[in-house]
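Architecture and fold: a report
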Amino acid sequence: MTGLAATAVSKRYGGVHALRDVNLSIPERAIVGLIGPNGAGKSTLLKSLAGFVLPDAGRIMLGETDLTGLNPSRIARSRLVTTFQHATPIAGLGVLDNVLVGMTEKHTGGLLAALFGTPGYRASERAQRERARGLLRSFGLEQLAGLDAGGLSFGQLRLLEIARAVAAEPLVLLLDEPAAGLNRLEIDRMTEAIRSLRDEHGMSVLVVDHDVPFVFGISDRITAMNFGRVIAEGTPDEIEANEAVRSAYLSLDGENS
Ligand SMILES: Nc1ncnc2c1ncn2[C@@H]1O[C@H](COP(=O)(O)OP(=O)(O)OP(=O)(O)O)[C@@H](O)[C@H]1O
Ligand SMILES: [Mg+2]
């Protein structure tokens with residue numbers, strides 16, 4: 001794997017150019033931030049990468065694998081995994097079970113082994129539960145493992161949603177507004193958890209968010225969009241000093257949280 005590269009991706013909704021000739025690169029073992037005012041095209045780009053939106057033009061490569069035009073489940077099997085804006089874990093299911101759901105496709109031994117509870121299956125199930133607990137620990141949710149997900153706070157649900165996505169062992173993880181609605185403490189915890197995905201699991205992560213300190217603090221590189229176009233790409237320091245980025249944000253002056 002040598003990272004994800006989107007080249008010249010365009011998407012129109014009627015008269016709206018949601019994406020115009022967008023280039024985005026997520027290098028291996030990097031955290032990339034994607035910023036821009038409301039309606040800039042961030043979620044449309046993320047959905048295009050994940051296969052939920054079919055771009056009108058452009059190419060999406062994951063290392064040597066061409067993902068362009070593939071359906072979402074095929075893309076997920078290539079280990080590009082996404083959490084969406086406003087997505088929530090499954091209420092009515094335990095916290096630990098939510099993470100296990102994310103792992104189900106990885107179970108070895110197949111359905112018969114599961115039905116008859118063969119020793120190999122039980123050992124692999126134990127290993128899965130251990131791994132799920134480890135994931136919950138890294139997201140600070142271990143104490144809640146036995147609770148129903150419906151009883152969690154908003155911030156805990158956001159963290160659980162990411163733990164569930166990580167359970168599928170992505171190479172590239174796309175997060176749409178993971179910090180939205182979280183308090184500072186929860187954002188710090190999420191920052192640590194996302195860093196450990198890069199540093200300990202070697203993942204590449206794309207973070208879309210409006211929380212400027214969060215995105216600038218966590219990202220190795222940042223791509224900035226406005227009106228469907230990429231207006232700047234660089235290190236957080238370069239983006240902070242960039243005139244086009246400043247005017248895109250300043251022109252909204254407070255409208256954009
Ligand atoms: N399914 C759709 N049908 C029609 N227009 C759409 C659709 N999805 C997005 N758009 C339009 O495309 C543009 C980009 O929207 P998108 O949701 O990608 O922006 P965004 O950068 O994620 O914004 P936000 O920060 O508010 O989440 C907007 O003008 C939006 O209204
Ligand atoms: Mg969006």
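Analysis parameters
Residues numbered from 1 in each chain as written. Chains lettered and ligands numbered in written order. Predicted model: local features only at pLDDT ≥ 70, side-chain atom pairs only at ≥ 80, totals over all residues. Axes fitted to C-alpha atoms, helices over the stretch in contact; angles between N-to-C directions. Helix = DSSP H or I, 4+ residues; strand = E, 2+ residues; numbered from the N terminus. Left-handed = near helix turned anticlockwise from the far one by under 90°. Contact = placed C-beta atoms within 7 Å. Nonpolar A, V, L, I, M, F, W, Y, C, P; charged D, E, K, R; others polar. Near = placed C-beta within 6 Å. Buried ≥ 20, exposed ≤ 12 C-beta atoms within 10 Å, placed from the backbone. Pairing = 2+ DSSP bridges.

Quick notes on the packing of helix α3 (residues 95–103) against helix α6 (residues 154–166)
Where α3 meets α6, the axes come as close as 7 Å, and the angle between the chain directions of the two elements is 35 degrees. Regarding α3 and α6, the two cross each other, and that crossing is right-handed. Of the residues in α6, those in contact with Val 95, Asn 98, Val 99, Val 101 and Gly 102 of α3 are Leu 160, Ala 163, Arg 164 and Ala 165. When its residues are assigned to classes, the contact of α3 with α6 shows six nonpolar, two polar and one charged.

A word on the site of ligand 1
Around ligand 1, the structure places Tyr 13, Val 16, Ala 18, Gly 36, Asn 38, Gly 39, Ala 40, Gly 41, Lys 42, Ser 43, Thr 44 and Gln 85. Breaking the shell around ligand 1 down by element, the ones donating at least two residues are β2 (16–26) and α1 (42–50). Looking at the shell around ligand 1 element by element, the count peaks at three residues for α1. In terms of residue class, the shell around ligand 1 is built from four nonpolar, seven polar and one charged.

Digging into α1
With respect to burial, α1 is a largely interior element, eight of its nine residues being buried. With its phi angle positive at about 90 degrees, Gly 51 sits one or two positions after the end of α1.

A closer look at the pairing of strand β4 (residues 57–62)
Residues in a regular strand project their side chains so that they alternate between the two faces of the sheet. Pairing of strand β1 (residues 4–13) with β4, which is carried by five bridges, proceeds in the antiparallel orientation. Considered in β4, the bridge of Thr 7 is made with Arg 59. Judged from the two bridges that link them, β4 and strand β5 (residues 65–66) form a sheet pairing that is antiparallel. Bridge pairing in β5 places Leu 62 opposite Thr 65. Connecting β4 to the next strand, β5, in antiparallel fashion are two residues, including Gly 63 with a positive phi near 60 degrees.

What to know about the sheet that holds strand β7 (residues 172–176)
Ordered in space as β6-β7-β8-β3-β9-β10, the six strands form an open sheet in which the pairing is mixed. This sheet does not close on itself; its edge strands, each paired only once, are β6 (80–83) and β10 (229–234). Within the sheet, the average angular offset between the axes of one strand and its neighbour, ignoring direction, is 15 degrees. Where β7 lies against strand β8 (residues 204–208), five bridges are found, and the strand directions are parallel. Each bridged residue has a counterpart across the sheet, and for Val 172 the counterpart in β8 is Ser 204. Relative to β7, α1 is tilted by about 150 degrees, and along the sheet it contacts β3 (31–35), β6, β7, β8 and β9 (221–226). Sheet contacts for helix α10 (residues 243–250): β9 and β10; angle to β10, the most-contacted strand, approximately 125 degrees.

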